[in-house]
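Residue-level structure breakdown
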Amino acid sequence: MRLYLLLVGLVPALAAQSQITAPGDFLPHELGETFTPHHMLVDYYQLVAEESDRVTLEQYGTTNEDRPLLLATVSTPENLARIEAIRENNLRRAGLLEGDTDPELDDIAIVWLSYSVHGNEATGSEASMGVLYDLANPNNAETSQWLENVVVLLDPAENPDGYNRYTNWFRQVSNKDLDVDPATREHQEPWPGGRVNHYLFDLNRDWAWQTQKESRARLVKYHEWMPHIHADLHEQGYTSPYYFAPAAAPFHEYITDWQGNFQTEIGQNHARYFDENGWLYFTRERFDLLYPSYGDTYPTFNGAIGMTYEQGGGSRGGRAVELPTGDTLTLYDRVAHHRTTSLSTVEIAAREADRLTSQFADYFQSATENPQGQFKTYIVSAGNQPGKLRALTELLDRNGIEYRRATGSRSFSGTDYRTGESVDGEIGSGDLIVSAYQPRSVLTQVLFDPAATVEDSVTYDITAWSVPLAYGLETYATSDRVNVETEDYVAAAYQNPLSGVDVASAYAFAIPWEGMNSARFLAALVKQGIQVRTSETDFTFGDTNYPAGTLVINRGDNRVHPDFAGTLQRLTAEHQANLAVLETGFSTNVGGDLGGSNYALIGKPKVATISGEEVYSNEFGQVWYYFEQDLDYPLSIFHREDVADIFDGDYDILVLPEGRYRFSESEMEAMADWVQGGGKLIAIGSANSALAGKEGFGLKEKEAAADTLSDEEKREERLQPYGGQERRFIEGFIPGAIIQAEMDDTHPLSFGIGDDYSTLKVSDDAYEYLENGWNVGRIRQEPRVSGFVGNQAYQKIQETLNFGVEPLRRGQVIYLVDNPLYRAFWENGKLLFANALFQVQ
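The following paragraphs examine the structure supplied in this document. The structure presented is a predicted model; accordingly, all values stated were derived computationally and were not measured. (Residues numbered from 1 in each chain as written. Predicted model: local features only at pLDDT ≥ 70, side-chain atom pairs only at ≥ 80, totals over all residues. Heavy atoms only, no water.)

What about the overall build of the protein?
Stated precisely, the cut-off is as follows: The numbering of helices and of strands both runs from the N terminus, where a helix is a DSSP run of H or I of at least 4 residues and a strand a run of E of at least 2. In this treatment the radius of gyration is a C-alpha quantity, and the globule benchmark scales as 2.2 Å times the residue count to the 0.38 power. When a residue's accessible area, from a 1.4 Å probe over protein chains only, is under 20% of the maximum for its type it is buried; when over 50% it is exposed; and in between it is partly exposed. Between two residues, a contact is recorded if the distance between any of their heavy atoms is within 4.5 Å. Positive charges come from Lys and Arg, negative ones from Asp and Glu, while His and the chain ends are left out of the count. By convention, the charge on Lys lies at NZ, on Arg at CZ, on Asp at CG and on Glu at CD.
Within the protein, the secondary structure is distributed over 26 helices and 36 strands. What you see for the protein is a C-alpha radius of gyration of 29 Å, in line with the 28 Å of a compact globule of 841 residues. Once the C-alpha set of the protein is aligned to its principal axes, its extents read approximately 90 × 65 × 65 Å. Looking at the protein residue by residue over its 841 residues, the buried ones come to 60%. Long-range contacts, defined here as pairs at least 24 residues apart, represent 77% of the contacts in the protein between residues at least 6 apart. With 65 positive and 124 negative side-chain charges, the protein shows a spacing of 2 Å between the two charge centroids.

Looking at the sheet that holds strand 15 (residues 410–416)
Remark on secondary structure: sheet strands pair via backbone hydrogen bonds, oriented parallel or antiparallel. Going by this rule: Paired strands, in this sense, are two strands between which DSSP finds at least two bridges. Between N-to-C directions, angles span 0 to 180 degrees; the directions come from axes that are lines fitted to C-alpha atoms, helices contributing only their stretch in contact.
As summarised here, the arrangement of the seven strands in space is 16-15-18-13-17-14-19, forming an open sheet in which the pairing is antiparallel. The open sheet has two free edges, formed respectively by strand 16 (422–427) and strand 19 (486–488), since each of these has just one partner strand. Going across the sheet, the axis of each strand differs from the next one's by a mean of 40°, ignoring polarity. Here six bridges tie strand 15 to strand 16, and the two strands are oriented antiparallel to one another.

Here we look at the packing of helix 13 (residues 331–351) against helix 14 (residues 353–369)
Which entries qualify depends on this criterion: What sets the label is the angle itself: under 35 degrees gives roughly parallel, over 145 gives roughly antiparallel, 65 to 115 gives roughly perpendicular, and the rest give oblique. Polar here means any residue other than Ala, Val, Leu, Ile, Met, Phe, Trp, Tyr, Cys and Pro, which are nonpolar, and Asp, Glu, Lys and Arg, which are charged; Gly is therefore polar.
Direction vectors running N to C along helix 13 and helix 14 enclose 80°, while the axes themselves pass 4 Å from each other. Between helix 13 and helix 14, the crossing angle belongs to the class labelled roughly perpendicular. In this structure, helix 13 contributes Ala349, Ala350 and Arg351 to the contact, and helix 14 contributes Ala353, Asp354 and Leu356. Broken down by class, the residue content of the contact of helix 13 with helix 14 amounts to four nonpolar, no polar and two charged.

Here we look at the environment of Leu392
Looking at the secondary structure, you find Leu392 in helix 15 (residues 386–399). Ignoring any residue separated from it by four or fewer positions in sequence, one finds Leu392 in contact with Val380, Leu432, Phe448, Val467, Tyr471 and Leu473.

Describing the sheet that holds strand 26 (residues 599–601)
The five strands are arranged 25-20-24-21-26 in an open sheet whose pairing can be described as antiparallel. In this open sheet, the two edge strands, each paired with only one partner strand, are strand 25 (580–582) and strand 26. Averaged over neighbouring strand pairs, the angle between their axes works out to 30° when direction is ignored. Summarising the sheet, strand 21 (residues 533–535) and strand 24 (residues 551–554) pair through two bridges and their orientation is antiparallel. Bridge pairing in strand 24 places Thr534 opposite Leu551.

With respect to empty space enclosed by the protein
Heads up, the rule is: Throughout, the protein atoms alone are placed on a 1 Å grid, and a set of points is a cavity if a 1.4 Å probe fits but cannot get out or a pocket if it is open with protein on both sides within 12 Å along at least five of seven lines; lining residues have an atom within 4 Å of a point. Grid points are joined across faces, edges and corners, and a volume is the space filled by probe spheres set on the points.
Counted under the stated rule, the structure contains six cavities of 30 Å³ or more. In this structure, the largest cavity occupies an estimated 60 Å³ of space. Lining the largest cavity are Ile511, Pro512, Glu514, Asn517, Ser518, Phe521, His575, Gln576, Ala577 and Asn578. The element contributing the most residues to the lining of the largest cavity is helix 18 (residues 516–527), with three residues. Split by residue class, the lining of the largest cavity holds four nonpolar, five polar and one charged. Estimates place the volume of the second largest cavity at around 50 Å³. Lining the second largest cavity we find Ile86, Asn89, Asn90, Arg93, Leu105, Asp106, Ile108, His228, Thr357 and Phe360. Contributing elements (two or more residues each) for the lining of the second largest cavity: helix 6 (83–93) and helix 14. Counting residues per element, the lining of the second largest cavity draws most heavily on helix 6, which supplies four residues. Taken together, the residues of the lining of the second largest cavity break down into four nonpolar, four polar and two charged.

Some words on the packing of aromatic side chains
Test applied: When two rings of Phe, Tyr or Trp (its six-membered ring) have centres within 6.5 Å they constitute a pair, described as stacked for plane angles under 30 degrees, edge-to-face for angles over 60, and tilted for the intermediate range. Here, over-ring charges are defined by two tests on the NZ atom of lysine or the CZ atom of arginine: distance to the ring centre within 6 Å, and angle to the ring normal within 35 degrees.
Within the structure shown, the criterion is met by 44 aromatic pairs. Taking the centre distance of 6.4 Å and the plane angle of 55° together, the rings of Phe509 and Phe564 count as tilted. Of the two residues, Phe509 is situated in strand 20 (residues 508–511) and Phe564 in helix 19 (residues 564–575); the sequence distance between them amounts to 55 residues. Classification of Phe509 as buried rests on a relative accessible area of 0%. On the numbers, 5.4 Å between centres and 80° between planes, the contact of Phe825 with Trp826 is edge-to-face. Following the ring pairs from residue to residue traces out a cluster consisting of Trp191, Tyr199, Phe201, Phe620, Trp624 and Tyr625. One cation-aromatic arrangement involves Arg405 over Tyr489; the distance from NZ or CZ to the ring centre is 4.1 Å.

A short note on the packing of helix 7 (residues 123–136) against helix 13
Condition: What makes a crossing left-handed is the near helix being turned counterclockwise from the far one by less than a right angle; a clockwise turn instead makes it right-handed.
One can describe the packing of helix 7 onto helix 13 by two numbers: an axis separation of 8 Å at closest approach and a directional angle of 50°. By the criterion of interaxial angle, the relationship of helix 7 to helix 13 is oblique. Along this stretch, helix 7 crosses helix 13, giving a crossing that reads as right-handed. Together, Thr123, Gly124, Glu126, Ala127, Gly130, Val131, Tyr133, Asp134 and Leu135 of helix 7 and Leu331, Arg334, Val335, His338, Arg339, Ser342, Leu343 and Val346 of helix 13 make up the contact between the two elements. The class makeup of the residues in the contact of helix 7 with helix 13 is eight nonpolar, five polar and four charged.

Considerations on the pairing of strand 27 (residues 607–611)
Put simply, the rule reads: By convention, a crossover is right-handed whenever its connection, traced from the first strand over the helix to the second and viewed with the strands pointing away, goes clockwise.
The buried count for strand 27 comes to five of five residues, which makes it a mostly enclosed element. Residues Val607, Thr609 and Ser611 point to one face of strand 27 and Ala608 and Ile610 to the other, with burial holding for every one of them. The sheet contact formed by strand 27 and strand 29 (residues 653–656) spans three bridges and is parallel. Within strand 29, the residue paired with Val607 across the bridge is Ile653. In this view, the connection linking strand 27 to its parallel neighbour strand 28 (residues 636–639) by way of helix 20 (residues 617–631) has right-handed handedness.

Let's talk about the pattern of salt bridges
Defined as follows: Every case where a carboxyl oxygen of Asp or Glu lies within 4 Å of a side-chain nitrogen of Lys or Arg is listed as a salt bridge.
Applying the stated criterion across every chain, the model contains 41 salt bridges. Arg405 serves as the salt-bridge partner of Glu487, at 3.6 Å between the closest nitrogen and oxygen. With a gap of 82 residues between them, Glu487 in strand 19 and Arg405 in strand 14 (residues 404–406) connect regions that are remote in the sequence. By relative accessible area, which is 37% here, Glu487 ends up partly exposed. Asp818 is the partner of Lys761 in a salt bridge, and the nearest nitrogen-oxygen pair spans 3.0 Å. Taken together, the positions of Lys761 in strand 32 (residues 756–761) and Asp818 in the loop between strand 36 (811–816) and helix 26 (827–839) put the pair 57 residues apart, joining distant regions of the chain.

What to know about the side chain of Arg218
Among the structural elements, Arg218 can be located in helix 10 (residues 213–225). The exposure class assigned to Arg218 is buried, which follows from its relative accessible area of 0%. Residues contacting Arg218, with those up to four places away along its chain left out, are Tyr60, Trp112, Asp155, Glu158, Leu203 and Trp207.

A closer look at helix 4 (residues 38–51)
Each turn of an α-helix holds 3.6 residues, which means side chains three or four residues apart point in the same direction. Threshold: The length a helix should cover is 1.5 Å for every residue beyond the first.
Helix length check: helix 4 (14 residues) gives 20 Å between terminal C-alpha atoms against 20 Å at 1.5 Å per residue, within 8%. Every buried residue belonging to helix 4 is among His38, Leu41, Val42, Tyr44, Tyr45, Leu47 and Val48, and all of these are buried. Buried-residue contacts for helix 4 involve helix 3 (23–26), strand 1 (55–62), strand 2 (68–74), helix 7, strand 4 (150–155) and helix 9 (160–173).

Read these as geometric descriptors, not functional statements.
This is the structure we're talking about:
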């Protein structure tokens, strides 16, 4: 294949020879001239699907803004006529579908190409139209030959809302003539940018967790296909040459030699074309294969050759931008580069289809029969809170991971996730059993292992994510295959506790605080005007003990509600809530009577937050998503510059998302006055730095350790070589690690969590213990760590505040030093944040 074949569609004379409409003949501009609106991208795919007998197009979902998510299937007409048989045969070879395989279909490779998961890296979507044309064009002899034993799946825009946000903005502000100065308006995308989706989430960090609508829809389709190769096409800084596989270290230890070696083969194939055209490129730098929720690692842990391709450009690239060399990088260039690697990927898949498919089948056979990791069985106790167990099984189902319920019992020896120590235990009836002896063994082990082995600490993302720790679940991992009688894990049919109950005459109702299901139920209750209290201490009625944090609904508190009984019955059924009916307010224990002082009224707090410049867009999105999707509770969003309006209004709670704030002196005074007047301020992550050391707030940054170096040691430190500076830097670095925090389980911020919390720490920010407040979460001496923490950073964070509550007259400040809403997958953190909203009074 030569360059002229790749550029068919950019040159009108060549396009005229084709029976398929070229992009430039359909769009109001040539491909690479400017950015294409999303609806035109969709229209072009629909047109080609109508014109070509090589293409079928399906809509596999919609975005939050109701844009379609598309997947084009491209192959020969003969393959498309038997496409379901090809797809099912591939699943059977992987052990994911029962039935016999068809040898005639065994050597058909499946390649999935994903474009522009970051919407402002829009060149991918532009290039996808050229790739579709090249593959669908019957006059292209090379691609015609490739498709004989390859099925190509094209996702032209993984993030339509972000792509639309960026391309619409660019078309509105760009000049008629090219402006190559990177400092000008059209190269300076405003907040929040098109990188992220509607809720400002980075979808390239969401493959495993599937918190977002787009990810959930895509992964359903991905699991139906299970491709042999997946390439995710991105952009990076405009001064960077093109990046393609092989990836950089660290590689996760479960990535096979075959996967690593074939990445190299693909990279060498790309290099032929880049060398021929004199295009700069690099490999084996920067982009690693560790964190499991990328568009390259997640497919890799599902048996594919997963890769990221990165073109220089992004939102700074515009239609053309001047490079430091004096050359100009154009959108035409960027489209050609992505188009080339896309087609090169299909080419090598066709050439090596027999190896790809046989190695893919071997991967899953080996995973099922001989899992490679240390741990072979994961035991999740049935004694965990039901809400958290339900959240876990939903995650496992979304990822296609098998699990069962123990019906028998037997002893085991394994690792306790809470302590990291070896223990002897007993499997009990009802425990959830996850075996590594299953087709998705590698993905299971990657997500469940207590810690990942990090071969190189210079990494691109977080280094720890263990699901049992993130979900706050009592779990054990064994190095043995545990044989115990099991059955399908089927959730018990919901039994409405109010069925047959005369709600209007019952004295009160007790609701366990057991996870986000409880928080959502509480949010629904208070939205409908139901008065709810929270218990600050344990209490007992009859033989039943109710722990602190239990919610209580008293009939006497709701006498003015127009339909108390009907509303409670309806919401209980809708949320499948678990509650107990109390026939009296007289408790078995002293201080437990329902009219006593230990039950605080929650009310209906009015919540505000801020967005815009100075606020980190991803982290603002995490707050926004939490309220709208996780909690379903009203949230008023103000522009950053209008923060004073919150203090002048009737808001009860202000949530400060992570950001780099520059509050004025008058804004700080107004904020302190608002808190002292009864407001609740919740500061998340880096937002705490805006409060530390400020008048009216007791938060203080941890003082630097005393300098104990001798003069000679200081001199030697100044004479360190230039080489190795990156290694020295990471001594004070925390890219993302799980640290064990001690919790005061008597404080409302800990309700439902207990005395131990696995916190995801993504910085070395360190604060002293509060002098006048409650140091609820604290990092003590030599805490347990999962993931990488630099030695200097490890010393710095010891004996520091993690979560604190500072009373200020009638109000309070809640300092959340680590972000409990990080990427919306830290399930135990979501409960902690609900405590900050509702339980802390």
